[in-house]
Amino acid sequence: MSTAVLARPMSGVGVLDKASVLLDIVEGGPATLAELVTLSGMSRPTTHRIAVALERLGMLTRDVQGRFVLGPRLGLLSVEARRDRLAQAAAPVLADLRTRTGLDARLYRRRGTLQICVAAASVGVAGPETDAVGTARPASAGPAAQVLFAWEEPEELYEGLCRARFTAAHLALVRRQGWAYGNEPMVPGAVSLAVPVRTGTGGVAAALVLTGRSARMPAAPDRALSGAAVDAAVALGDALLPGRDGSTPAGRPGT
């Protein structure tokens, strides 16, 4: 624990600035109430009141020794910021993928029981009501849903399978292959290839989906199609890494 708090920008709103002081202190490591008082220079009653309020909001929590530490809500906000960065980075990547493959290229994220389109570059395989950004549909069928669930924790996976039209065996195959391929449930006569966009910790942030008419799609993804999709997914995953500015590398690691 440091013995001083670095200078920080001030909002001019007293209670917010005091809360910011406490968050800055705890960012440096766990802190007892007494340490918060000493390092912040605030009175004990004020420090206690603000720290407890931040705890109620999930901005702070306590460790096993009762010290204040950063709370789970800050982690969720960080995840959302990375997801916003992902959507911003997706536009040029999906446009290039559409040009290279001649297929609809879309990016889906899961929100509970729904999968939501957060970016799209379309050639018109699906209608605008299906592939528009912001469109939500059940995460219960199709390649995108399988990719969004395949790498989930067991409890989340169980909840998803209870409502799904795919099985644990289907998801095991997706994990082995690294992609899902099959009929697109929202577009009759269309087939989709879905690959995971991974976070730096190995989780799945989104599903990148290529969709084409079944008449022009292969019986199984060929090397060129799957390679293009995986390259794009890796580029988007790189945009989530700390310190990245959203620029996208050209290829997969090791290629």
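Structural data are supplied above this passage.
Below or above, wherever it landed, is the structure these notes cover. Owing to the predicted nature of the structure, the values given are computational and were not obtained by experimental measurement.

### Things to note about the overall build of the chain
Part 1 of the reasoning: Each helix and strand counted, the chain has nine helices and eight strands in total.
Part 2 of the reasoning: Relative to its full complement of 255 residues, the chain shows a buried share of 43%.
Part 3 of the reasoning: The contacts in the chain between residues at least 6 apart in sequence include a share of 52% that link residues at least 24 apart.
Part 4 of the reasoning: Accessible surface computed for the chain: about 13000 Å², of which carbon and sulfur atoms make up 56%.

### What to know about the side chain of Arg110
Part 1 of the reasoning: Relative to the helices and strands, Arg110 is located in strand β3 (residues 104–111).
Part 2 of the reasoning: With a relative accessible area of 14%, Arg110 lands in the buried category.
Part 3 of the reasoning: Within the structure, the side chain of Arg110 is placed 2.8 Å from the backbone oxygen of Gly112, a separation counted as a polar contact.
Part 4 of the reasoning: A polar atom in the side chain of Arg110 sits 3.1 Å from the side chain of Glu156.
Part 5 of the reasoning: Not counting residues within four places of it along the chain, the set of residues in contact with Arg110 comprises Gln115, Ala139, Leu148, Phe149, Glu152 and Glu156.

### Brief notes about a nonpolar patch on the surface
Part 1 of the reasoning: A cluster of nonpolar side chains, contributed by Val13, Val15 and Leu16, occupies part of the molecular surface with about 250 Å² of accessible area.
Part 2 of the reasoning: In this structure, Val15 sits in helix α1 (residues 14–27).
Part 3 of the reasoning: For Val15, a relative accessible area of 46% gives the class partly exposed.

### Examining the pattern of salt bridges
Part 1 of the reasoning: A complete count under the given rule lists seven salt bridges for this structure.
Part 2 of the reasoning: Two residues, Arg137 and Glu184, come together in a salt bridge whose shortest N-O distance is 2.7 Å. One end of the pair, Arg137, is in strand β5 (residues 136–138); the other, Glu184, is in the loop between β6 (180–183) and β7 (190–198), with 47 residues separating them in the sequence. Taken individually, Arg137 and Glu184 each receive the classification buried, so the pair is uniform in this respect.
Part 3 of the reasoning: One connected set of salt bridges, linked through shared partners, spans Arg106, Arg137 and Glu184.

### Let's talk about the packing of aromatic side chains
Part 1 of the reasoning: If you walk through the whole model with that rule in mind, you get one aromatic pair.
Part 2 of the reasoning: Both rings, one in Phe149 and one in Phe166, keep their centres 6.4 Å apart while their planes meet at 50 degrees; by these two values the pair is tilted. A residue pair is termed long-range when its members are at least 10 positions apart, and Phe149 in helix α6 (residues 142–150) and Phe166 in the loop between α7 (154–163) and α8 (168–177) qualify at 17 residues. By the burial criterion, Phe149 is buried, and Phe166 matches it.

What counts, and where the lines are drawn
- Residues numbered from 1 in each chain as written.
- Predicted model: local features only at pLDDT ≥ 70, side-chain atom pairs only at ≥ 80, totals over all residues.
- Heavy atoms only, no water.
- Helix = DSSP H or I, 4+ residues; strand = E, 2+ residues; numbered from the N terminus.
- Buried < 20%, exposed > 50% of the residue type's maximum accessible area, 1.4 Å probe, protein only.
- Contact = heavy atoms within 4.5 Å.
- Areas by Shrake-Rupley, 256 points an atom, 1.4 Å probe, with all protein chains shown as cover.
- Polar contact = N/O pair within 3.5 Å; in protein donor to acceptor, adjacent residues only side chain to side chain.
- Patch = residues over 30% accessible without salt bridge, like charges linked within 9 Å, V, L, I, M, F, W, Y side chains within 5 Å.
- Salt bridge = Lys/Arg side-chain N within 4 Å of Asp/Glu carboxyl O.
- Phe/Tyr/Trp six-rings, centres within 6.5 Å; stacked < 30°, edge-to-face > 60°.

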